[in-house]
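Structural characterization, general
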Amino acid sequence: MVSYPRIPGHEISATIVESQADRPDLAAGVNVTLSPYFNCGTCAACLRGRPNACQFNQTLGVQRDGALTEYISVPASRLYTAKLSLKELCIVEPLTVGAHATSRGRITPQDTVAVLGCGGVGLGAIAAAHFRGARTIAIDLEEEKLQLARAAGASHAICASGGNLQQQLADITDGRGPDVVIEAIGTPETFRTAVDIVASTGRVVYVGWVKEPVAYETRLFVQKELDILGSRNALPEDFREVICMLEEHRFPVDAAVSSIVSLEDAPGALSDWSENPARVKKIMVRLT
Ligand SMILES: [Zn+2]
């Protein structure tokens, strides 16, 4: 969805230099994170109170220039303060996307939740589902990602390369299957798997998306009477939930960040990441 040329940067922490006089909570020197989503206010989604899905959404670093810059001016309404370090504040936004998926899935402590994919978004969903008190099952192909998923709160981790995923999930759930499945990969196969493995009358939340069309056995939608939900970006309440979770030290921030580099070293770090994607989690770029 990115248009070029573009300054990236939508997972941000910053220190306020100057602010409006009517916001003493945002005085110079206060550390903040910010919501990078800008919405139109008049489309159907905005009018329904769901600006995260605005038809004309512009995200910093995607459809408009982002925050990989020394100074940026943003509306005060987009800022969040918290009892968190700059490093922790930087992790808030990426976790909100997964947190929003758990909100869409209406996850409660009674639910067993399976998350397909333990990248950034999946990890956020696992942490948020665990924070909501649900039993959470992480599914991925890479053992290292599953280890981080366990640290983020997954009570079970399944390496999907072993095959027979449905049987393993049946063993964990007394044969019923997970109440909620969150798809955070975005392949035709995992889109179908979500519908196959979810319990009857369960909820499927799609937060990944697939570039090509996906063919489905639609009988399962009806036979299981599924709720199939999309999830996009995040709402202010998702930011507040993630901030609470981080303030309670419920997420392994240090394990999720592989390195912190200066702006001068960022190009090298990004090309290393491009060559070895599996070895890198998050790279933070420090500008001051
Ligand atoms: Zn709108």
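Everything in this summary refers to the structure shown in the same document. (Residues numbered from 1 in each chain as written. Predicted model: local features only at pLDDT ≥ 70, side-chain atom pairs only at ≥ 80, totals over all residues. Heavy atoms only, no water.)

**Points about the overall build of the protein chain**
Within the protein chain, the regular secondary structure consists of 10 helices and 13 strands. Relative to the globule expectation of 19 Å for 288 residues, the C-alpha radius of gyration of the protein chain, 19 Å, shows essentially globular dimensions. Seen through its C-alpha atoms, the protein chain measures out along the principal axes to roughly 60 × 40 × 40 Å. Relative to its full complement of 288 residues, the protein chain shows a buried share of 44%. Once local pairs closer than 6 in sequence are excluded, the contacts in the protein chain between residues at least 24 apart make up 65%. Summed over its atoms, the accessible surface of the protein chain is roughly 14,700 Å², and 51% of this surface lies on carbon and sulfur atoms. One finds the centroid of the 27 positive side-chain charges in the protein chain at a distance of 5 Å from the centroid of its 33 negative side-chain charges. (Helix = DSSP H or I, 4+ residues; strand = E, 2+ residues; numbered from the N terminus. Rg over C-alpha atoms; globule rule 2.2 N^0.38 Å. Buried < 20%, exposed > 50% of the residue type's maximum accessible area, 1.4 Å probe, protein only. Contact = heavy atoms within 4.5 Å. Areas by Shrake-Rupley, 256 points an atom, 1.4 Å probe, with all protein chains shown as cover. Lys, Arg positive; Asp, Glu negative; His and termini not counted. Charge placed at Lys NZ, Arg CZ, Asp CG, Glu CD.)

**Points about the side chain of Thr136**
Topologically, Thr136 is positioned in strand β7 (residues 135-140). A polar contact is formed between the side chain of Thr136 and the backbone oxygen of Ala134, at a distance of 3.3 Å. (Polar contact = N/O pair within 3.5 Å; in protein donor to acceptor, adjacent residues only side chain to side chain.)

**Let's talk about the coordination of the zinc ion**
For the zinc ion, the full set of protein donor atoms is Cys40 (SG), Cys43 (SG), Cys46 (SG) and Cys54 (SG), and the range of their distances to it is 2.3 to 2.4 Å. Every donor counted, the four donor atoms about the zinc ion form angles of 103 to 117 degrees at the centre, which fits tetrahedral coordination. On the primary sequence, the residues serving as donors to the zinc ion are separated as C-x2-C-x2-C-x7-C. Judged by relative accessible area, which is 32%, Cys40 ranks as partly exposed. Judged by its relative accessible area of 6%, Cys43 is buried. (Donors = N, O, S within 2.8 Å, 3.2 Å for Na, K, Ca; no water. Tetrahedral: all angles 85-135°; square planar, octahedral: opposite > 155°, others 65-115°.)

**Remarks on the environment of Gly61**
Position of Gly61 relative to the elements: it lies in the loop between β4 (58-59) and β5 (79-81). In the structure, Gly61 is positioned 59 residues away from Val2 in sequence and 7.8 Å away in space, judged by C-alpha atoms. Beyond its immediate sequence surroundings of up to four residues, Gly61 is in contact with Val2, Arg6, Ile7, Pro8, Gly9 and Gly66.

**Some remarks on the side chain of Asn57**
Locating Asn57 in the fold gives a position in the loop between α1 (44-47) and β4. Its relative accessible area of 6% is what places Asn57 among the buried residues. Among the polar contacts made by the side chain of Asn57, one reaches the side chain of Thr59 at a distance of 3.0 Å. Apart from the residues lying within four places of it in its own chain, the contact partners of Asn57 are Tyr37, Phe38, Gln63, Arg232 and Asn233.

**A look at helix α4 (residues 143-151)**
It helps to recall that an α-helix has 3.6 residues per turn; residues three or four apart then point in one direction. Turning to α4, its buried residues are Leu146, Leu148 and Ala149. On an axial view of α4, the arc spanned by its buried residues comes to 160 degrees, and they lie on one face. Phi for Gly153, located one or two positions after α4, is positive at around 125 degrees. (Arc of directions from axis to C-beta.)

**Some points on the environment of Pro51**
By the secondary structure assignment, Pro51 is in the loop between α1 and β4. Judged by relative accessible area, which is 25%, Pro51 ranks as partly exposed. In this structure the C-alpha to C-alpha distance between Pro51 and Glu18, which are 33 residues apart in sequence, comes to 27 Å. Leave out the neighbours within four places in its chain, and Pro51 touches Asn39, Ala45, Cys46 and Leu235.

**Observations concerning the nonpolar core**
In this structure, Ile91, Val113, Ile126, Ile182, Leu246 and Phe251 are the most contacted members of the largest nonpolar core, which totals 45 residues. At eight residues, helix α2 (residues 86-104) tops the list of elements feeding residues into this core. Ignoring anything within four residues of it in the chain, the contact list for Ile126 reads Val115, Cys118, Thr136, Ala138, Ala149, Ala152, Gly153 and Ala154. Counting 19 residues, the second largest nonpolar core, distinct from the first, contains Leu116, Ile137, Ala194 and Val198. (Core = buried A, V, L, I, M, F, W, Y, C linked by side-chain atoms within 4.5 Å.)

**Regarding the layout of surface pockets**
Counted as a void, the second largest pocket has a volume near 310 Å³. Forming the boundary of the second largest pocket are 14 residues, of which Leu141, Ala160, Ile185, Glu189 and Thr190 lie nearest the centre. Where the lining of the second largest pocket is concerned, the elements lending two or more residues are β7 and α6 (188-197). Per element, the largest residue contribution to the lining of the second largest pocket is three residues, and it comes from α6. When the residues that make up the lining of the second largest pocket are grouped by side-chain class, the tally is six nonpolar, six polar and two charged. (1 Å grid on protein atoms, 1.4 Å probe; cavity = no way out; pocket = protein on both sides within 12 Å on 5 of 7 lines; lining within 4 Å. Points joined across faces, edges and corners; volume = space filled by probe spheres on them. Nonpolar A, V, L, I, M, F, W, Y, C, P; charged D, E, K, R; others polar.)

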